[in-house]
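Working through the structure, step by step
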Amino acid sequence: MIRVLLLSFIVVSLSACGIEEAGQGERAEYFEFPFKTESSKKVELTLRPVNLKLEIPKSHIKSIVHPYKPWAQKIWDQVNIEALIPELIFKNLENYSDFNKENLDGLLRIRIGMLSIDQSFRLVTLNGDYEESSYLKEYHLRSYVSRRNYGAQIQELMQNREPDVFVVNESHMVTPSGNPIVINCRIGRCYVSVVIPSYLFPEKDRKDFGGVNGIRIEYDYHRKYLEEWERVHDFVLSTIGTYIQYPSIEL
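Predicted model only: the values in this text are computed from it and were never measured. (Residues numbered from 1 in each chain as written. Predicted model: local features only at pLDDT ≥ 70, side-chain atom pairs only at ≥ 80, totals over all residues. Heavy atoms only, no water.)

Re unusual backbone geometry
Backbone torsion omega between Ile 85 and Pro 86 reads 15°, so that peptide bond is classified as cis. On the secondary structure map, Pro 86 appears in the loop between strand S8 (78-84) and strand S9 (107-116). The linkage connecting Tyr 246 with the following residue, Pro 247, adopts the cis geometry, with an omega of 0°. A positive phi angle, near 80°, is found at Met 114, a position not held by glycine. (Helix = DSSP H or I, 4+ residues; strand = E, 2+ residues; numbered from the N terminus.)

If you want it as structure tokens, here you go:
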């Protein structure tokens, strides 16, 4: 039986000068790279609508986002973080020039924020859309190749497709919510989405989630680093764990 994955991902695209949305004006407050004397300075913020308090080194931050400019610097929705890959190091005076659009292949992009249902995966049974492959099996991954026929594609092209969806074996590792980790690769980059589960928050704070599963964490990196998925995943969660000041949780 073929297992098929229907994935729902939201990809946030940022530019160096901000994001514009119709009727909302400038959507992001950008930090300039700090001088050496303040490179270790931390930014304290709370992500709405839940009481998630973060403390993040300023040099880690690409941007902090809120959809309405008048509320910027008071109420935040999302934090965007960048690190270099494969080194998994953050911005400093020596590598500052590597953090640019031209070096996108060398960037790990991390986004924290927004309420989300933990539905980065949905395993269903369908006929013929995806088939399982042994590709990267040694890295604890189940690989899936799309066999969907888009128009006049010939059979040979369809058979030569590479897997573009990967699921980590649940016996090896799962998301903080206990669900399968899904890696969705497209247009040369691989995307992962998990949540900080609402049940990890104190009971008095859970009402702010409105029945939603948790706070979304998303990250993406170039497909050539897919074999290092576990090192990257551990880095993302452990790094975010160091940011969280409230509540006291462990990812």
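Some words on the packing of aromatic side chains
Tallying each qualifying case throughout the model produces four aromatic pairs. A centroid spacing of 6.3 Å and a plane angle of 50° characterise the contact between Tyr 135 and Phe 166, whose relative ring orientation is tilted. Separated by 31 residues along the polypeptide, Tyr 135 in the loop between strand S11 (130-133) and strand S12 (141-146) and Phe 166 in strand S13 (residues 165-168) bring together distant segments of the chain. Among the residues examined, Tyr 135 registers a relative accessible area of 37% and is labelled partly exposed. A relative accessible area of 0% places Phe 166 in the buried class. Note that Arg 186 overlies the ring of Tyr 191, its terminal NZ or CZ placed 4.2 Å from the centroid. (Phe/Tyr/Trp six-rings, centres within 6.5 Å; stacked < 30°, edge-to-face > 60°. Buried < 20%, exposed > 50% of the residue type's maximum accessible area, 1.4 Å probe, protein only. Lys NZ or Arg CZ within 6 Å of the ring centre and 35° of its normal.)

Here's the deal with the nonpolar core
Counting 48 residues, the largest nonpolar core has Leu 52, Leu 54, Ile 81, Leu 108, Ile 183, Tyr 221 and Val 236 as the members making the most contacts within it. Here this core takes seven residues from helix H3 (residues 229-243), the largest share from any one element. If we ignore the near neighbours within four places in the chain, the residues touching Ile 183 are Leu 141, Asp 164, Val 165, Phe 166, Cys 190, Tyr 191, Val 192, Tyr 221, Leu 226 and Trp 229. (Core = buried A, V, L, I, M, F, W, Y, C linked by side-chain atoms within 4.5 Å. Contact = heavy atoms within 4.5 Å.)

Quick word on the state of the cysteines
Considering all chains together, one arrives at one disulfide under this definition. The partner cysteine of Cys 185 in its disulfide is Cys 190, sulfur to sulfur 2.1 Å. Judged by the torsion about the S-S bond (100°), the Cys 185/Cys 190 disulfide is right-handed. (Disulfide = S-S within 2.5 Å.)

Brief notes about the pairing of strand S15 (residues 189-197)
Along any regular strand the residues' side chains alternate between the sheet's two faces. Among the nine residues that make up S15, nine are buried, leaving the element largely enclosed by the rest of the structure. Judged by which residues are buried, S15 turns out to be covered on both faces: Arg 189, Tyr 191, Ser 193, Val 195 and Pro 197 on one side and Cys 190, Val 192, Val 194 and Ile 196 on the other are all buried. Of the pairings in the sheet, the one linking strand S14 (residues 182-186) to S15 comprises three bridges and is antiparallel in character. The partner of Asn 184 across the bridge, within S15, is Tyr 191. The antiparallel pairing of S14 with S15 creates a hairpin that spans two residues between the two strands, and Ile 187 there sits at a positive phi of about 50°. (Pairing = 2+ DSSP bridges.)

Description of the confidence of the model for the protein chain
Chain-level pLDDT for the protein chain is 77 on average; 72% of the residues reach the 70-or-more range. By mean pLDDT, strand S2 (residues 20-21) is the weakest element of the protein chain at 31, and H3 is the strongest at 97. Considering only residues more than four positions removed or in separate chains, one finds that residues 1-28, a stretch of pLDDT under 50, has 82 contacts. (pLDDT = per-residue confidence, 0-100.)

Description of the pattern of salt bridges
Under the counting rule described, the total for this entry stands at nine salt bridges. Glu 162 serves as the salt-bridge partner of Arg 223, at 3.7 Å between the closest nitrogen and oxygen. Here Arg 223, found in the loop between strand S16 (214-222) and H3, pairs with Glu 162, found in the loop between helix H1 (155-159) and S13; they are 61 residues apart in sequence, far enough to count as distant. (Salt bridge = Lys/Arg side-chain N within 4 Å of Asp/Glu carboxyl O.)

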